[in-house]
Structures are given as structure tokens and as C-alpha cells.
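Tertiary structure, described
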Amino acid sequence: MEVRLPEPGDALTGVEMFAGLEPEVRQRVIAAAVPRTYRKGQLLFVENDPGESLIVLRRGAVAVFRTAPTGERAVLNVIRPPDVLGEVSLLDASTRSASAEAIEDCTALALSRGAFMELVHSNPRILDAVMRSLGGLIRRLTEQNADHVFLDLPGRVAKTLVRLAGESQAPMITIELNQSQLAEMAGGSRQSVNQAIGSFASRGWLRTEGRRIVVTDVAALRRRAGMADR
Ligand SMILES: Nc1ncnc2c1ncn2[C@@H]1O[C@@H]2COP(=O)(O)O[C@H]2[C@H]1O
């Protein structure tokens, strides 16, 4: 009879920011964190809310976005486990730099600013991971700025799809995103994003299935986005 052993790991498994912690410190972090659940469509927080906690996403997906005075949204990123969000306002002791909405049902752990700061002061090695995470955010912002200057809209749509496809080497990659969400991420009107998607579909690089996009040729999208071959 097959005996199933429990999966190794805990609620922080895979979370880079906490990777270097001693097991007992990890357990203290987990004990101090508050479990949260968010339904699809629920806001986790809104831009300019006080930054009270670091959120470790365990399941689901969250869109980080800014809203223009006209109500138009620009999606800055889609966060998936084991990523964290909410680190910026914790570190500069300010308000939320963007809003966040669950785009799938989510479970998460929320670590209060006080608990996070105590952790940093008693385990300064954690600052290596914090700096890496901030470095990653700055790098992403630099790249997004350059894309807005150097890429046309179809190029930005292609790049957004490549980023969402992640590291997967599968021949077909399903992206759970409708075309308005894609337009909010690529920074274009829905109509022009639809045109770009239609043109990619006619070349056989992807197909749309209701509210999802199935990418069938990542290499072609990478070339259209001016990215190096893998
Ligand atoms: N441009 C961005 N790209 C990716 N994530 C971001 C961006 N801006 C803000 N965030 C994340 O969204 C969070 C919004 O709240 P915070 O400012 O606390 O912390 C922020 C980061 O975790």
C-alpha cells in the first residue's frame, strides 16, 4: 500500500523574502500573521490607504492598479503566489502606492507593519531579500518605462502576454485574463488591444477562448516584443 507522507514546507514555502530565516523564526512569523481570504472582485486595499501590512499571497491572483481621475485603470502587475505585496508602504512608512483587487478567489497571510519591522530588526539578513525585491520592482518600472517609449501597442501586448506566460515551456499556455484586463496592462484602448490580439490570432500565435487567451507560439510573441530568443 502506498504511504503518503505530508508535503514538506509551511505557509511561507517559496516566499523569497522569508527564505533565509531559521525554522523557529519562520514559525514565529507564521504565528504572528493573520490568515485572510478575498473573493474574486474584492479589493484588498485602495491607493492612499494607510500601509498596515505585508500580504503574502498563498492562492489566487491579485491585480495591482492605479486609477485615473476619469476612472480608467492601468494595471501595473498581476501578483501570483508565492509573491508578496504591500512592501512599498511598509518600507517608506507611507500610504499604499497603488490599489489591489483579487482577480481570482485568494487566500493570503497578512503580517502587520509592527511584526514585519520587528522581524527586520531582529533578523537583519532579511534585508538582503527586501533589497532584492525592491531592486526587482525598480528594474520592472525601468523596463515598463522603456516599453512605453520604444514599443508600439502590439509590441506591448505581445510583451505583456510573454510576461504572463512566465517561465512555462509548455506548447500551449492558458492565460486567465480577458481583453479589457489585457488592455489595462498593456496601456492601450480595448479596441486597439482587440485588433492586436486578432492579428496575433490570424498568424496562429494564440487563440481566444471566452475570458482566456491560449498562447500557442511564445517565441513569435517574444520576437514581436523585441525580446531575445530563449
Ligand atoms: N509598478 C508596480 N509594479 C508592481 N507592483 C507594484 C507596483 N507599484 C506598486 N506595486 C505593489 O503594489 C503595492 C501597493 O501597496 P504598497 O505601496 O504598500 O506596495 C505596493 C507593491 O507591493
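Report follows, based on the coordinates. All of these numbers come straight from a predicted model, not from anything done at the bench.

Description of the site of the ligand
Around the ligand, 15 residues are found, and the nearest of them are Gly-86, Glu-87, Ser-89, Arg-96 and Ser-97. In the environment of the ligand, an oxygen atom lies 2.9 Å from a nitrogen or oxygen atom belonging to the backbone of Gly-86. At 2.8 Å, a side-chain N or O of Arg-96 approaches an oxygen atom of the ligand. With the chains in place, 94% of the 450 Å² that the ligand exposes on its own is no longer accessible. Among the secondary structure elements, those contributing two or more residues to the shell around the ligand are β5 (73-79), α2 (87-91) and α4 (126-150).

Structural notes on the sheet that holds strand β3 (residues 53-59)
Spatially, four strands are ordered β1-β8-β3-β6 in an open sheet, and the strand pairing comes out antiparallel. For this open sheet the edge positions go to β1 (34-38) and β6 (84-85), each flanked by a neighbour on one side alone. Sheet strands touched by helix α3 (residues 113-122): β3 and β8 (106-112). Its angle to β8, the strand with the most contacts, is close to 65°.

What counts, and at which threshold
Residues numbered from 1 in each chain as written. Predicted model: local features only at pLDDT ≥ 70, side-chain atom pairs only at ≥ 80, totals over all residues. Heavy atoms only, no water. Near = heavy atom within 4 Å. Polar contact = N/O pair within 3.5 Å; in protein donor to acceptor, adjacent residues only side chain to side chain. Areas by Shrake-Rupley, 256 points an atom, 1.4 Å probe, with all protein chains shown as cover. Helix = DSSP H or I, 4+ residues; strand = E, 2+ residues; numbered from the N terminus. Pairing = 2+ DSSP bridges. Contact = heavy atoms within 4.5 Å. Axes fitted to C-alpha atoms, helices over the stretch in contact; angles between N-to-C directions.

Any functional reading would require information beyond the geometric quantities listed.
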